Amino acid sequence: MSQQAVHFAPFNVSVDISFWQELGSRKLDVLKLSTPEIPVTGVFIAGADGKTPGEVRLDRLSLEGHLEGKDSKEVLVYGRVLNFNTLEDFKKFDRIGAAQKVAAEVEEAAASFSTVSGRFPLTALTRFLVLSFMDLKKYKVHYSVTVPAVHHEDPNCAVSLERLPEAVSEALTSTQRDRLLQFTETDQHSLTSPQVYAIDLSSPSDVPPVALRDGPDMAAACSQQQEEVGGKSVFLVLVDPCGADGVLSWVWRNFFLWFSKTLSAGGKGGNWYCRVLVKKCKGFTEENFKLWTIRIPEYPQPGKSVPAAGWLFFLSGPGKKSSTVSSLDLAHFLDATALQANAVELNVKLIKWRMVPELEPERISQLQFLLIGAGTLGCAVARGLLGWGVRHFTFVDSGRVAMSNPVRQSLFTHKDAAAEGCSGLPKAVAAAERLREVRPDIHAEGVKLEIPLPGHTATAAPHPPPGGQEGSAGLLGSVQKVRSLLESHDVVMLLTDSRESRWLPQVLLAAASSSSSSSQADSSSPHQNGVEGKAGARAPLGVTVALGFDSFLVLRHAWGDPEGPTGRKKMGCYFCNDYAAPADAQANRTLDQQCTVTRPGVSSMAASLACELLASAVQHSGGFGAPPTTEDRGDVGCLGAAPQAIRGFLNDFRLSPQQTDPFEHCIGCSDGVVKAVQEEGDEFLLRVLRDPVELERVSGLSEFKEREARRAEAMATQMGKE
C-alpha cells in the first residue's frame with residue numbers, strides 16, 4: 001500500500017468558569033499590571049465514549065499547583081497561562097513564536113528524557129499555553145490555546161502507516177494472543193491509563209510477559225528496519241487516551257519525535273519501523289487491540305527551526321467559521337447580584353494598580369456603619385460609602401419621607417413620599433430598602449427611633465405621646481436603644497439637622513472612647529487602631545456633619561488615648577465652641593427656621609468629604625486614632641491628609657482643614673461630663689434630658705460663665721472709674 005500519514009486528533013482544552021474567576025481575582029489583587037507566565041496544571045481525561053479524543057480540564061485548582069488525578073484515567077498535564085492587559089496586546093501577540101517556544105521546550109525535554117513507570121508521554125512531552133485577555137468591567141474573556149507538537153516540514157518525513165490497522169486476531173499468532181491476554185490479566189492497571197511500553201510476546205507460556213519501560217532500551221527493542229518488519233516479537237504498546245478509532249491522540253506526535261531522537265542518538269539513522277499494539281482506554285478484551293505498523297522518520301538535523309502545530313480551533317456558533325480565539329461571556333454564569341458586587345470591588349481595587357498600591361480597601365469596607373439621620377446627609381453619605389465597598393449599614397431616623405424630600409434626598413422617590421396616604425414611609429426603613437435596591441448583597445436595616453433631645457418636652461416625657469416613638473419604652477428605653485446601637489457598630493455618623501440631636505450620641509461616644517483608652521492602657525489589644533476586629537470589641541469612631549446655608553462642617557471625633565505614643569494633643573468635639581447647654585431649637589420658630597435651608601449642593605459636598613475624610617483616616621497607620629494632619633504638616637497616610645475637621649464655604653468656594661481645641665467645660669466631652677456618664681450612667685443622662693441646666697453644672701460651664709460675668713463686671717467697673 002502507499003504510505004498514509006498517521007492522523008492525530010487534537011484533544012480539547014475545557015476551561016471551567018472557576019478558572020477565569022480565580023485568574024480574575026489574582027489579576028485584581030496580585031498581578032495588577034504585571035503579565036507573567038503563570039504555571040497551570042490541568043487534568044487530562046481520556047475519551048472513553050469511543051468518539052472524543054479526550055480533554056484537558058482547567059479549573060480554579062489548576063492555578064494552585066497541587067492538583068491530583070482523581071482516578072487511573074486522569075493524568076496531570078502542565079502548561080502556562082499568559083494574561084494580557086489590553087485586547088490589542090492579546091491580538092498582536094506573536095502566536096507562531098509562542099508555539100515554537102513551547103515546542104522547543106518539548107524538544108529539549110525529549111532530548112533529556114527518561115521514563116518513569118511508562119507514564120511519560122502526557123506529563124513530559126506535552127505542554128500547553130493559554131493566551132487570554134479578561135475584560136473585568138464587561139465580564140468577557142478572550143482566549144487561545146496551543147498544545148504544540150513538533151513536526152517535519154517535509155510531508156514525506158511524517159509519521160506514517162506502513163500497513164492499515166489490523167485486528168490482532170488476524171495479525172498475531174495464537175501464541176502471541178495468549179501471551180497478550182495473559183499480560184492483561186496480570187497488569188490490568190497498566191491498560192487503563194494513558195502510557196507506553198514494550199512487551200515481548202515470545203516468552204515461555206509459564207512466564208507472563210513483562211513490560212519494558214526504560215526509554216532507550218524500549219526504543220531499540222521495538223524498532224526494526226523495513227526488511228525486518230514482522231520479524232520481531234517485541235511490540236510497542238500504546239494505551240491511547242483518544243476514544244475514536246483509526247486515529248491516535250495528539251500526545252503521540254511528540255512521543256514519536258522522542259522515539260526518533262532516541263534512535264538517532266544511538267547511532268541508528270534512516271527510517272525505522274515499529275509494530276504498535278494500540279489499545280483504547282476501555283475494556284480488556286482482545287477486540288480492543290489493533291496492530292499498527294508505523295514508519296518513524298529520521299530525526300531532523302540539529303540547528304533547524306522548530307516548526308510547531310497545535311493551536312486549537314473553536315466554533316463560535318452554528319454556521320460560523322472556526323477560529324483560534326474563543327470568547328466567553330462570564331455574565332451568563334453569574335447572577336446580577338454577584339456581578340454588581342464584583343464591579344464595586346473592581347473600582348476600588350483598581351486604585352491599587354497605579355495610584356495607591358499601599359491602599360487596604362478592607363480597612364473601610366469591613367466596618368459597620370450607624371447613620372443617625374436618614375435625610376439629605378444620610379442618603380448622600382450612604383451612597384458615598386457604597387462606593388468604598390461598605391456592606392453594613394443601619395439607619396436611625398424618626399421621620400417620614402415628605403413630598404419635598406425626594407429631590408434632595410437621593411435614596412427616596414415620589415412613591416415613598418406618596419405611600420400610606422401621602423404620610424410617607426418611615427425614612428430609616430425606606431432608606432435601607434432603597435440602598436439594598438442599589439446593591440442587593442449588603443446588610444442594611446432601618447430603625448425608627450427619635451433620638452432623645454435635651455430640653456424637648458416630647459422626648460423627655462416618661463411615656464411616648466400618641467404618634468411619637470414606635471417600639472420604645474419611653475425615654476429610658478430610647479437612651480438604652482441609642483447606647484446599644486452605638487456599641488454594635490464601628491463608625492457612627494451624626495447626620496441630623498439639629499444641634500441638640502447630636503448631644504446624646506456625642507457624650508456616649510466620648511465616654512466609650514475614654515473607657516476604651518483606659519482598658520487598652522494595660523493590654524496589647526489587637527484593636528488599638530480601631531480598624532481591625534469585630535464591632536463592639538472597641539469604641540466606635542464618631543463623625544459629625546453639620547450644614548449651614550452656604551457652609552458646612554465635617555468633624556471626626558477624638559478616639560483613644562489623646563496622650564498616646566505620638567503624644568498628640570487631644571482633639572475637641574462639635575460642642576467645644578458652645579457656651580450654653582443644648583435646648584429646644586425648634587420651639588417658637590418660623591417655617592424657614594424649622595427647615596434646613598441650604599444651598600442645594602452643600603449637602604452633597606459635605607457628605608462626600610465626610611466619606612473621604614474617614615477613608616483617609618482609616619488608611620493611616622493610626623486608624624481611628626490618626627492624629628490630625630495636613631499635607632504640609634504632620635505624617636500622612638497613603639491617601640494623604642487626615643485633618644480632624646474641614647469647614648467649607650461656598651460664598652468664596654473655600655475649604656479650610658482645621659483642628660478644634662478642647663474646651664475644659666465642654667458639654668459634650670469634658671472630663672466632668674464623661675465621668676458622670678461613666679459613673680452614673682442612664683440616671684445622669686435622664687436628668688440632663690429633662691433639665692439641660694444640670695449639664696452646665698456638671699461640666700462646670702455655669703460656674704465658668706458666672707466667673708466670666710464677674711470678671712466682665714469688674715472690668716466694666718474699673719473702666720468706669722477711669
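Residues numbered from 1 in each chain as written. Predicted model: local features only at pLDDT ≥ 70, side-chain atom pairs only at ≥ 80, totals over all residues. Heavy atoms only, no water.

Visitor: Which residues make up the overall build of the protein chain, and what values go with them?
Guide: Each helix and strand in the protein chain was counted, giving 22 helices and 28 strands. Across the 722 residues of the protein chain, 51% fall into the buried class. Approximately 32,600 Å² of the protein chain is accessible, and the part contributed by carbon and sulfur atoms is 52%. (Helix = DSSP H or I, 4+ residues; strand = E, 2+ residues; numbered from the N terminus. Buried < 20%, exposed > 50% of the residue type's maximum accessible area, 1.4 Å probe, protein only. Areas by Shrake-Rupley, 256 points an atom, 1.4 Å probe, with all protein chains shown as cover.)

Visitor: Can you break down the nonpolar core residue by residue, with the values?
Guide: Trp20, Leu236, Leu248, Phe255, Phe256 and Phe259 are the most contacted members of the largest nonpolar core, which totals 64 residues. When residues no more than four places from it in sequence are discounted, the contact partners of leucine 248 are Val6, His7, Phe8, Ala9, Leu238, Asp240, Cys242, Phe256, Val278, Trp292 and Ile294. If you look at the next biggest cluster of nonpolar residues, it comprises 52 residues, including Ile364, Val381, Phe552 and Trp559. (Core = buried A, V, L, I, M, F, W, Y, C linked by side-chain atoms within 4.5 Å. Contact = heavy atoms within 4.5 Å.)

Visitor: Which residues make up the environment of alanine 219, and what values go with them?
Guide: Positionally, alanine 219 belongs in helix α7 (residues 215–222). For alanine 219, a relative accessible area of 0% gives the class buried. C-alpha separation for the pair alanine 219 and tyrosine 197, spaced 22 residues apart in sequence, amounts to 9.2 Å. Sequence-distant contacts of alanine 219, defined by excluding residues within four places in its chain, comprise Phe259, Thr262 and Leu263.

Visitor: How would you summarise the pairing of strand β16 (residues 289–296) if you had to cite specific residues and measurements?
Guide: Among the eight residues in β16, seven count as buried, and that is most of the element. Bridge analysis of strand β15 (residues 272–280) against β16 gives eight bridges, and the strand direction is antiparallel. Counted as the bridge partner of leucine 277 is leucine 291 from β16. (Pairing = 2+ DSSP bridges.)

Visitor: Hey, could you go over the sheet that holds strand β24 (residues 491–494) for me, with residue numbers and the actual values?
Guide: Spatially, β23-β22-β21-β24-β25-β26-β27-β28 is the arrangement adopted by the eight strands of the open sheet, whose pairing is mixed. The sheet is open, and its two edges are formed by β23 (443–448) and β28 (654–658), each paired on a single side. Between one strand and the next, the sheet's axes are offset by a mean angle of 15°, whatever the strand orientation. Here strand β21 (residues 368–372) pairs with strand β22 (residues 392–397) via five bridges, running parallel. Bridge pairing links isoleucine 372 to valine 396 in β22. Along the sheet face, helix α15 (residues 474–487) touches β21, β22, β23 and β24 and points at about 145° away from the line of β21. (Axes fitted to C-alpha atoms, helices over the stretch in contact; angles between N-to-C directions.)

Visitor: So what about the packing of aromatic side chains? Which residues, and what values?
Guide: The final tally for this structure, using the stated rule, is 11 aromatic pairs. Relative to phenylalanine 90, the ring of phenylalanine 84 lies with its centre 6.2 Å away and its plane at 70°, an arrangement referred to as edge-to-face. An angle of 75° between the planes, with centres 5.5 Å apart, marks the rings of phenylalanine 663 and phenylalanine 704 as edge-to-face. Placement of phenylalanine 663 in the loop between β28 and α19 (671–680) and of phenylalanine 704 in helix α22 (residues 701–721) is noted, with a sequence separation of 41 residues between them. For the pair phenylalanine 663 and phenylalanine 704, one class covers both residues: buried. Every member of this aromatic cluster is reached through a ring pair, and the members are Phe8, Trp252, Phe255 and Phe256. Between the NZ or CZ atom of arginine 95 and the centre of the ring of phenylalanine 90, over which it lies, the distance is 4.7 Å. The residue whose ring lies beneath arginine 253 is tryptophan 250, and the NZ or CZ to ring-centre distance is 4.9 Å. (Phe/Tyr/Trp six-rings, centres within 6.5 Å; stacked < 30°, edge-to-face > 60°. Lys NZ or Arg CZ within 6 Å of the ring centre and 35° of its normal.)

Visitor: Tell me about the packing of α15 against helix α20 (residues 682–690), and please be specific about residues and values.
Guide: Contact geometry of α15 with α20 gives a least axis separation of 11 Å together with a crossing angle of 120°. Looking at the two axes, α15 sits oblique to α20. Helix-helix and strand crossings are classified by hand; for α15 and α20 the assignment is right-handed. Taken together, the residues of α20 that come into contact with α15 (itself represented by Leu475, Leu476, Val479, Gln480 and Arg483) are Asp682, Leu685, Leu686, Leu689 and Arg690. Class assignment for the residues of the contact of α15 with α20 results in six nonpolar, one polar and three charged. (Parallel < 35°, antiparallel > 145°, perpendicular 65-115°, else oblique. Left-handed = near helix turned anticlockwise from the far one by under 90°. Nonpolar A, V, L, I, M, F, W, Y, C, P; charged D, E, K, R; others polar.)

Visitor: So what about helix α9 (residues 336–349)? Which residues, and what values?
Guide: With 14 residues, α9 extends 20 Å from end C-alpha to end C-alpha; this agrees with the ideal 20 Å at 1.5 Å per step. Burial in α9 covers these residues: Leu339, Ala341, Val344, Leu346, Val348 and Lys349. Residues of α9 that are buried in the fold lie against α1 (17–31) and α11 (376–387). (Expected span 1.5 Å × (residues − 1).)

Visitor: Kindly report on the pattern of salt bridges, identifying the contributing residues and their values.
Guide: Inspection of every chain in the model, using the stated rule, returns 26 salt bridges. A salt bridge links glutamate 105 to arginine 80, with the nearest nitrogen and oxygen atoms 3.2 Å apart. Taken together, the positions of glutamate 105 in helix α3 (residues 95–111) and arginine 80 in strand β6 (residues 74–84) put the pair 25 residues apart, joining distant regions of the chain. With a relative accessible area of 27%, glutamate 105 lands in the partly exposed category. In this structure arginine 80 comes out as buried when scored by relative accessible area, which is 18%. Close ionic contact of lysine 705 with glutamate 696 constitutes a salt bridge, the shortest N to O distance being 3.1 Å. Residues participating in the shared-partner salt-bridge network are Asp29, Glu345, Lys349, Arg391, Arg439 and Asp441. (Salt bridge = Lys/Arg side-chain N within 4 Å of Asp/Glu carboxyl O.)

Visitor: Tell me about unusual backbone geometry, and name the residues and values.
Guide: Within the chain, tyrosine 139 stands out as a residue other than glycine whose phi angle is a positive 60°. Looking at the secondary structure, you find tyrosine 139 in the loop between β7 (127–135) and β8 (140–150). Of note, phenylalanine 653 is a non-glycine position whose phi angle comes to about 50°, a positive value. Along the chain, the position of phenylalanine 653 falls in the loop between β27 (645–649) and β28. Residue class for phenylalanine 653 comes out exposed when judged on its relative accessible area of 67%.

Visitor: Can you tell me about the pairing of strand β4 (residues 37–45), naming the residues and giving the values?
Guide: In terms of residue burial, β4 counts as a mostly covered element, since seven of its nine residues are buried. Note: β4 against strand β5 (residues 55–58), three bridges, orientation antiparallel. Considered in β5, the bridge of phenylalanine 44 is made with valine 56.

Visitor: I'd like a description of the confidence of the model for the protein chain, backed by residues and values.
Guide: One rule of thumb: low pLDDT means the predicted coordinates there are not for detailed reading. Taken over all residues, the pLDDT of the protein chain has a mean of 82, while the share at 70 or more is 78%. Confidence drops under a pLDDT of 50 for residues 460–472, and excluding neighbours within four residues, the segment shows 20 contacts in the predicted structure. Here residues 521–528 is modelled with pLDDT under 50, and outside its nearest four sequence neighbours on either side it reaches 12 contacts, counting other chains as well. (pLDDT = per-residue confidence, 0-100.)

Visitor: Please provide a residue-by-residue account of the environment of alanine 558, values included.
Guide: In this fold, alanine 558 is placed in the loop between β26 (551–556) and α17 (591–594). Once the C-alpha coordinates of alanine 558 and proline 627 are considered, the two residues, 69 residues apart in sequence, prove to be 9.1 Å apart. The residues contacting alanine 558, other than those within four sequence positions of it, are Ser513 and Met571.

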